[in-house]
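These are the residues of each chain, in order.
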Amino acid sequence: MTMRPTFLSALAGALALMALSIPAEASFETRAGAAYVVDQTTGTVLLSKNADQPVPPASMSKLMTLNMLFEALRDGRVTLETQFSVSAKAMSMGGSTMFLNERDRPTVEDLIQGIIVQSGNDACVVVAEGLAGTEEAFARLMTERAHALGMTNSTFANASGWPHPNQRMSMHDLGILAMRLIDEFPEYYGFFGEREYDFDGRAPQNRFNRNPLLKLGIGADGLKTGHTQEAGYGLVGSALQNGRRVTFVISGLESTEQRAEEGERIINWAFRQFVQRGVLRRGERLAETDVWMGEIEKVGLVAKDDLEVLLPAVVRDTVDAEVHFHDPVLAPIEAGQELGELVIQRPDMEPLRVPLVAEREVARGGFVPRLRTATEVFLRWAEKKAADL
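As the structure is a prediction and not an experimental result, all values here were calculated from the model. (Residues numbered from 1 in each chain as written. Predicted model: local features only at pLDDT ≥ 70, side-chain atom pairs only at ≥ 80, totals over all residues. Heavy atoms only, no water.)

Some remarks on the environment of G190
Turning to step 1, where the next piece is worked out: Within the secondary structure layout, G190 lies in the loop between α7 (186–189) and β5 (220–228).
Turning to step 2, where the next piece is worked out: A relative accessible area of 52% means that G190 is categorised as exposed.
Turning to step 3, where the next piece is worked out: Spatially, the C-alpha atom of G190 lies 7.7 Å from that of D221, the residues being 31 residues apart in sequence. (Helix = DSSP H or I, 4+ residues; strand = E, 2+ residues; numbered from the N terminus. Buried < 20%, exposed > 50% of the residue type's maximum accessible area, 1.4 Å probe, protein only.)

Here it is as structure tokens:
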């Protein structure tokens, strides 16, 4: 990454700037009413369409029920072998079910598979009542937990996604939730890739995973479909190819066929139109700033860590980049102290901000450095005064 520094000013508090140019990248048009696509490996948002608008999530909100159950597993409140009872309310649930009855004592593992593969509304109620006593209490806990995790556009009235005016999630929130399930619970994430589950042979027509991407050989391994008349057809999907993971959420599609086509299009676009590039090495010097009152006159600004970024495929070896830092900096300075940032601009993507730190420690100087600093301050003041005349 080649950079040409252009110093705008030498006054305290001024910024130093360096820049390059890269070509523009074509945008992606989706038929989904709302969408959110993120390269999970680098945290880069690739597409955001009505992503913060709360909409009916349908069965995609079952992911929050699973999150609550996974947290209970992690905390030791339940195990995969823990058995839950089935209430009359759970047994009476319509829509997609496991066909549980009140004599059943399904295990947590049964219920996880029933929720993911069979999209069991009855299984969701069993989990809600087993963890919180009532589904209403569980829904309140879901909402509180979602907000604590940063999903501020989500509210829950039930555990299954059954239509309700207070059952709302944004695509952004579902994306946050999906990435959390992948990152925080790898020991359970494999359940999302199961294509078939037949609980006790009771629902042979409902034993297949509805995720249309699992069978395509494109690295798809999760997560959940959803559909109601109000919400349309939606999908929370994720795929892994060559070490890169892309996670996406789409909603408001018109049919199962359109949902499948759009999900595949998004995965192909995300992996083919963007590439991961290593652009910085830890300790690589990008600039230097003057030091006032220090034992040395300048200190280097370096990358704190190795950095890989996601770039449009049309970009080869150059990127737009600006280094911002205060010049000069007052001593003392600690090694690793943040002194500026590198701002990487990418076409149609959010800027990436990378902290830059002091290359070494700089102690406060004695009489000579202080005299030098006083002289520099006076000279800079005099230059500015002359320029203003």
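Anyway, onward from the coordinates.
Notes on helix α4 (residues 121–132)
Turning to step 1, where the next piece is worked out: The end-to-end C-alpha separation of α4 is 17 Å, in line with the 16 Å expected for 12 residues at 1.5 Å each.
Turning to step 2, where the next piece is worked out: The buried fraction of α4 amounts to 9 of the 12 residues, a majority that puts the element mostly inside the structure.
Turning to step 3, where the next piece is worked out: Of the surrounding secondary structure, the elements contacted by the buried residues of α4 are α1 (62–75), α2 (88–91), α3 (108–116) and α5 (135–148).
Turning to step 4, where the next piece is worked out: Downstream of α4 by a residue or two, G133 has a phi angle that is positive, lying close to 95°. (Expected span 1.5 Å × (residues − 1). Contact = heavy atoms within 4.5 Å.)

Side note on empty space enclosed by the protein
Turning to step 1, where the next piece is worked out: Evaluated as defined, the whole model comprises 2 cavities of 30 Å³ or more.
Turning to step 2, where the next piece is worked out: If you add up the space inside the largest cavity, you get close to 60 Å³.
Turning to step 3, where the next piece is worked out: P56, P57, A58, G161, W162, P163, H164, Q167, R168, T228 and E230 together form the lining of the largest cavity.
Turning to step 4, where the next piece is worked out: The calculated volume of the second largest cavity comes to roughly 30 Å³.
Turning to step 5, where the next piece is worked out: Lining the second largest cavity are I116, V117, S119, N209, R210, N211, L223, K224 and T225.
Turning to step 6, where the next piece is worked out: For the lining of the second largest cavity, the element with the most residues is β5, which contributes 3 residues.
Turning to step 7, where the next piece is worked out: Among the residues forming the lining of the second largest cavity, the class breakdown is 3 nonpolar, 4 polar and 2 charged. (1 Å grid on protein atoms, 1.4 Å probe; cavity = no way out; pocket = protein on both sides within 12 Å on 5 of 7 lines; lining within 4 Å. Points joined across faces, edges and corners; volume = space filled by probe spheres on them. Nonpolar A, V, L, I, M, F, W, Y, C, P; charged D, E, K, R; others polar.)

A look at the pattern of salt bridges
A side chain of one charge can pair with a side chain of the opposite charge if their charged atoms are brought near each other.
Turning to step 1, where the next piece is worked out: Applying the stated rule across the entire model yields 21 salt bridges.
Turning to step 2, where the next piece is worked out: The closest approach of N and O atoms between R180 and E71, which form a salt bridge, is 2.6 Å. Here R180, found in helix α6 (residues 171–184), pairs with E71, found in helix α1; they are 109 residues apart in sequence, far enough to count as distant. There is no split in this pair, since R180 and E71 are both buried.
Turning to step 3, where the next piece is worked out: One network of salt bridges, in which partners are shared, links R31, E261, E262 and R265. (Salt bridge = Lys/Arg side-chain N within 4 Å of Asp/Glu carboxyl O.)

Side note on the sheet that holds strand β4 (residues 44–49)
Turning to step 1, where the next piece is worked out: Here we have 5 strands laid out as an open sheet, ordered β4-β3-β7-β6-β5, and antiparallel in their pairing. Each edge of the open sheet carries a strand with a single partner, namely β4 and β5. Across the sheet, the mean angle separating the axes of adjacent strands is 5° when strand polarity is ignored.
Turning to step 2, where the next piece is worked out: Note that strand β3 (residues 34–39) and strand β7 (residues 244–253) share 6 bridges and pair antiparallel. Looking at β7, one finds that A34 is bridged to S251.
Turning to step 3, where the next piece is worked out: Running at roughly 145° to β7, α6 makes contact with β3, β5, β6 (232–241) and β7 of the sheet.
Turning to step 4, where the next piece is worked out: Helix-sheet contacts for helix α8 (residues 256–272) involve β3, β4, β5, β6 and β7, and the interaxial angle to β7 is about 150°. (Pairing = 2+ DSSP bridges. Axes fitted to C-alpha atoms, helices over the stretch in contact; angles between N-to-C directions.)

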